[in-house]
Amino acid sequence: MSTPNIAIHLPDGSVKEVPQGTTPLEIANSISPRLAAAAVVARLTPLTTNATTEKKAGDGEGDSEAAMYAAESAAGPRLVDLSTPLTADVKLELLKENDPEALKVVRHSAAHVLATAVLELFPETKLGHGPATDAGFFYDFYREKPFTPEDLEAVEKKMAEVVARDEKFVREYEPREQALEEFEKDGDFMKTHFVTKFTEAGSQVSFYRNGKFVDFCRGPHVPSTGRVKAVKVTKVAGAYWLGDEKNPQLQRIYGTAFFSKKEMDEHFARLEEAARRDHRVLGKQLDLFSIQELAGAGLIFWHPKGGIIRKVMEDWMREECLRRGYQLVYTPHVARVNLWQTSGHEGFYAGNMFTPMELDDAMYRMKPMNCPFHILIYKNSPKSYRDLPARYAELGNVYRYERSGTMHGLLRVRGFTQDDAHIFCMPSQIEDEVVACIDFAEAVLKTFGFSEFKVELSTWDPNDRAHYVGSDENWNFATRSLENVLKAKGIPYKTIPGEAAFYGPKIDVKLVDVLGRLWQLSTVQFDFNLPARFELEYVGEDGGRHQPVMVHRALFGSVERFFGVLIEHYAGAFPLWLAPVQVGLVPISEKHTAYAAKVEAELKAAGLRVEVDARNEKMNAKIRDFALQKTPYILVFGDKEEAAGAVNVRTRGKTEQSSMGLAEFIAKAKGIAASQSMEL
């Protein structure tokens, strides 16, 4: 009996008829041996589905576990080994080394190489799991004796041997009950847990073998260990089993892998540059902000220089809000628990809120967001369709409970200022308002020096009713409205199912910084839930009462986080309009202090931020100190300049110096600051 044929649809539109059971590697070889040699992994898309969305990979341990162990979904695109037998008509893509998904696969394979090396050197070790991450990979191990730096060197050397052996990654299957019995017999408590959690009774369990090493995993993997061409162990850290400090402490070995040494060298060069730009280091060096242990973690103290930059940021934002038709409001920092019960935050968001405080009249909570407060302002007086849209904006302080291990400088804190706005409008106005929010977000990025951004549309999961509120009709209308805006503006976007807020879908705008890193800051969220919960109304043109819809939007995201990103983007060398000290004055000697006072007065009268170094120090020392503070302009003057009413100008980042009249310099600096130029 002959093997039936199946149809393989290729990216160029051609279709290959091949016997059932043919592998992607065989198809690649039939096209070109060079293609077969370059292919890393295959992507299969069923012909019977129109799935175009993709689920965002989670960062949590549970998500990474599920990614490795849970059964693959046949409904949408999925990655498979090149050796996978094809059993049905399918779309086939062969991913090569330049594909980001292929890089994740090689990193997952590198984790197996790491585990292979560890077991060969330290056979008493028990295995946890080893997922790929955005930066590389890690693997959790249980071993009573801590790994030393010398051990890590030995592991990396052994990994090179495993790569050189070029062992094939082979997928094998074993009955679940047999797998559990073997793991329990060997005391592999973590593998026992994973098999129990992610497989069903009576099922076949997926393993991957390379040489003598076997690991519970669904894959996919590169064809062989030899494809892990550049790999490096980076560090070891502690991690409690299942994140519970009552459980055994594991040792998590981190590493990274690339397809070439050149790519790896570039990666570590980027890491060095990122370390040079670390906002926590620069914040201390430039005296911008601090976090005080006595006050508590995640609480930011803005120092005078950081405070000046914050003022400039907030002034710009408030002025833009007014220019774009927003009204400024201010609201309290706390509210009765009853308010959060009405809004739904008490049920959906309590784990992220500060614990309640008992006062004499009720229980109160610190606010994690401003939206219920703006709703109360809206509700305080009757509204007509003529009053809509009503746009309320606030730079309001909010407080969220972040666990102690998750906070990171300005980027993840417990108290922050959100540039929050809420727009109440008629359903017919919603798309125009979302367009205006996207335009505003683009203006923020452009003004503060970011030329590139990426957009995601987060939608709900209709099968997960426990985490979302509202009808299918409302969700479909809200999602369609956001899609229409993005399509009308011609903005490419990625749809992320299951990542919407509990009250509606959202658009996230992620800026790309000078190092190519993505930062989640601006967001525009549709909300049909809160207007219903608070029974908001407006009188329509027909005289009837109608419920408005609501848009949440934050463009900085938070002032603190945006400031942290600015520090790293500019490496602390802010453009003139943002710099806390725009001009440093260096009188050559004490006899020039009177002229220094005159120069300072004229610069300040022109609206420039100035600092005079009148210390009895050498001129070069003063210049160096201003340069270390990344001051945009340093003006040096002595007898010659004083006599001519001039200054000697040293510009940050430039080696040449120039002498010009004071009035000429003031006109130039004022123009650059007023234009918010990135250039000096």
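Procedures and definitions
- Within each chain, residue numbers correspond to sequence positions counted from 1 in written order.
- Selection of residues for local features in this predicted model requires a pLDDT of at least 70, selection of side-chain atom pairs for listing and counting requires 80 or more, and totals for whole chains, interfaces and linings are taken over all residues.
- Remark: hydrogens and water are excluded; side-chain values derive from all non-hydrogen atoms of the structure.
- Here a strand is any run of E in DSSP of at least two residues, a helix any run of H or I of at least four, and the numbering for each starts at the N terminus.
- We call a residue buried when its accessible area falls under 20% of the maximum for its residue type, exposed when it is over 50%, and partly exposed in between, using a 1.4 Å probe and counting protein chains only.
- Residues are treated as being in contact if the distance between any of their heavy atoms lies within 4.5 Å.
- What sets the accessible areas is the Shrake-Rupley method with a 1.4 Å probe; for residues, cover comes only from the shown protein chains.
- In this tally, Lys and Arg are treated as positive and Asp and Glu as negative; His is ignored, and so are the chain termini.
- In this description, the location of a charge corresponds to atom NZ of lysine, CZ of arginine, CG of aspartate or CD of glutamate.
- Whether two strands pair depends on DSSP finding at least two bridges between them.
- In this analysis a 1.4 Å probe is tested at points of a 1 Å grid over the protein atoms alone, and where it fits but cannot get out there is a cavity; an open set with protein on both sides within 12 Å along at least five of seven lines is a pocket; lining residues have an atom within 4 Å of a point.
- Grid points are joined across faces, edges and corners, and a volume is the space filled by probe spheres set on the points.
- The nonpolar class holds Ala, Val, Leu, Ile, Met, Phe, Trp, Tyr, Cys and Pro. Asp, Glu, Lys and Arg form the charged class, and all remaining residues, Gly among them, are polar.
- Pairing of aromatic rings covers Phe, Tyr and the six-membered ring of Trp, with a centre-to-centre limit of 6.5 Å; geometry is then stacked below 30 degrees between planes, edge-to-face above 60, and tilted otherwise.
- Simply put, an axis is a line fit to the C-alpha atoms, just over the touching stretch for a helix, and the angle between two N-to-C directions goes from 0 to 180 degrees.
- With respect to orientation, any angle under 35 degrees is reported as roughly parallel, any angle over 145 as roughly antiparallel, any angle of 65 to 115 as roughly perpendicular, and every other angle as oblique.
- If you view the pair so one helix is near and one far, a crossing is left-handed when the near helix is turned anticlockwise from the far one by less than a right angle, and right-handed when it is turned clockwise.
- Identification of polar contacts relies on pairs of N or O atoms within 3.5 Å, with a donor-acceptor requirement for protein atoms, meaning one able to donate a hydrogen and the other able to accept it, and with residues adjacent in sequence counted only if both atoms are side-chain atoms.
- Residues form patches when they are more than 30% accessible in relative terms and have no salt bridge. Like charges link within 9 Å. Nonpolar side chains (Val, Leu, Ile, Met, Phe, Trp, Tyr) link within 5 Å.
- For salt bridges, the criterion is a side-chain nitrogen of Lys or Arg within 4 Å of an Asp or Glu carboxyl oxygen.
- Our arc is simply the arc of the directions from the helix axis toward the C-beta atoms.

Draft legend 1. Quick look at the overall build of the protein. Assigned secondary structure in the protein consists of 21 helices and 32 strands. Viewed in the frame of its principal axes, the protein has a C-alpha envelope of about 100 × 75 × 60 Å. The burial tally for the protein puts 50% of its 680 residues in the buried class. Residue pairs at least 24 apart in sequence account for 72% of intrachain contacts in the protein once pairs closer than 6 positions are excluded. In the form shown here, the protein has an accessible surface area of approximately 32200 Å², with 51% of it arising from carbon and sulfur atoms. Here the protein holds 84 positive side-chain charges and 95 negative ones, and the gap between their average locations is 4 Å.

Draft legend 2. Broad picture of the pairing of strand E1 (residues 5-9). Summarising the sheet, E1 and strand E2 (residues 15-19) pair through five bridges and their orientation is antiparallel. Among the inter-strand pairings, Ala7 is bridged to a residue of E2, identified as Glu17. Bridge count for E1 against strand E5 (residues 90-95) is two bridges, and the pairing is parallel. When the sheet's bridge partners are listed, His9 is paired in E5 with Lys91.

Draft legend 3. Representation of empty space enclosed by the protein in the model. Counted under the stated rule, the structure contains one cavity of 30 Å³ or more. Of the pockets and cavities examined, the largest cavity occupies roughly 50 Å³. Looking at the largest cavity, the residues that line it are Met317, Arg318, Cys321, Leu328, Ala393, Glu394, Leu395, Asp419, Asp420 and Arg553. Listed by contribution, the elements that provide at least two residues to the lining of the largest cavity are helix H10 (304-323), strand E19 (390-399) and strand E20 (415-425). Among the residues forming the lining of the largest cavity, the class breakdown is five nonpolar, no polar and five charged.

Draft legend 4. Quick look at the packing of aromatic side chains. Evaluation of the coordinates by the stated rule reveals 34 aromatic pairs. On the basis of an interplanar angle of 50 degrees and a centroid distance of 5.1 Å, the ring pair of Phe448 and Trp577 is categorised as tilted. Placement of the pair is Phe448 in the loop between helix H14 (430-447) and strand E21 (453-459) and Trp577 in the loop between helix H17 (559-570) and strand E28 (583-587), with a sequence separation of 129 residues. One exposure class covers both Phe448 and Trp577, and it is buried. Ring geometry for Tyr570 against Phe574: centres 6.5 Å apart, planes inclined by 55 degrees, an arrangement best described as tilted.

Draft legend 5. The layout of surface pockets, seen in detail. In this structure, the second largest pocket encloses a volume near 610 Å³. Around the second largest pocket, the lining comprises 26 residues; the ones closest to its centre are Leu119, Lys212, Phe213, Val214 and Asp215. Those elements giving two or more residues to the lining of the second largest pocket turn out to be helix H4 (100-121), strand E6 (126-127), strand E8 (170-175), helix H6 (176-185), strand E9 (204-210) and strand E10 (213-216). Here the lining of the second largest pocket takes four residues from E10, the largest share from any one element. Looking at the lining of the second largest pocket residue by residue, the classes come out as nine nonpolar, four polar and 13 charged.

Draft legend 6. Region of interest: the packing of H10 against H17. Packing of H10 against H17 leaves a shortest axis separation of 11 Å and a crossing angle of 110 degrees. By the angle between their directions, the pair H10 and H17 is classed as roughly perpendicular. The two elements H10 and H17 meet at a crossing, and its hand is right-handed. When H10 is examined against H17, the residues Gly306, Ile309, Arg310, Met313 and Glu314 are found in contact with a partner set consisting of Val559, Glu560, Phe562, Phe563 and Leu566. When the residues that make up the contact of H10 with H17 are grouped by side-chain class, the tally is six nonpolar, one polar and three charged.

Draft legend 7. Summary view of the side chain of His221. Tracing the sequence through the fold places His221 in the loop between E10 and strand E11 (230-240). Look at His221 and you get buried, because its relative accessible area is 1%. One polar contact links His221 to Ser109, side chain to side chain, over a distance of 2.9 Å. Discounting chain neighbours no more than four positions away, the residues touching His221 are Val40, Asp81, Val105, His108, Ser109, His112, Phe169 and Tyr208.

Draft legend 8. Representation of the sheet that holds strand E4 (residues 78-80) in the model. Spatially, five strands are ordered E2-E1-E5-E3-E4 in an open sheet, and the strand pairing comes out mixed. The open sheet is flanked by E2 and E4, the only strands paired with a single partner. Strand-to-strand twist across the sheet, computed as the mean angle between neighbouring axes with direction ignored, equals 35 degrees. Across the sheet, helix H1 (residues 24-31) lies against E1, E2, strand E3 (41-46) and E5, angled at about 75 degrees from E5, the strand it touches most. Where H4 meets the sheet, it contacts E3, E4 and E5, and its direction lies at approximately 120 degrees from that of E3.

Draft legend 9. Representation of unusual backbone geometry. Here the bond from Gly219 into Pro220 is cis, since omega is 0 degrees, no more than 30 degrees from zero. Relative to the assigned elements, Pro220 resides in the loop between E10 and E11. The linkage connecting Leu388 with the following residue, Pro389, adopts the cis geometry, with an omega of 0 degrees. You can see Pro389 is positioned in the loop between helix H13 (371-379) and E19. Residue Glu535 is not a glycine yet carries a positive backbone phi of 50 degrees. As for its placement among the helices and strands, Glu535 is situated in the loop between helix H16 (529-533) and strand E25 (538-539).

Draft legend 10. Expanded view of a nonpolar patch on the surface. Together, Leu322, Leu328 and Tyr330 make up a nonpolar patch on the protein surface, roughly 330 Å² of accessible area in all. On the basis of relative accessible area, Leu328 is assigned to the partly exposed category, the value being 32%.

Draft legend 11. Representation of H6 in the model. Among all positions of H6, only Arg176, Ala179, Leu180 and Phe183 are buried. Within H6, the buried residues cover an arc of 95 degrees as seen down the axis, which keeps them to one side. Facing away from the buried surface of H6 by more than 90 degrees, the exposed residues are Glu181 and Lys185. Contacts made by the buried residues of H6 are with E8, helix H7 (189-198), E9 and E10.

Draft legend 12. Summary view of the packing of H4 against helix H5 (residues 149-165). Axis separation between H4 and H5 bottoms out at 8 Å; the angle between their running directions is 115 degrees. By crossing handedness, the relation of H4 to H5 is classed as right-handed. Counting all contacts with H4, which are made through Ala110, Val113, Leu114, Thr116, Ala117, Val118, Glu120 and Leu121, the residues of H5 involved are Ala154, Val155, Lys158, Met159, Val162, Val163 and Arg165.

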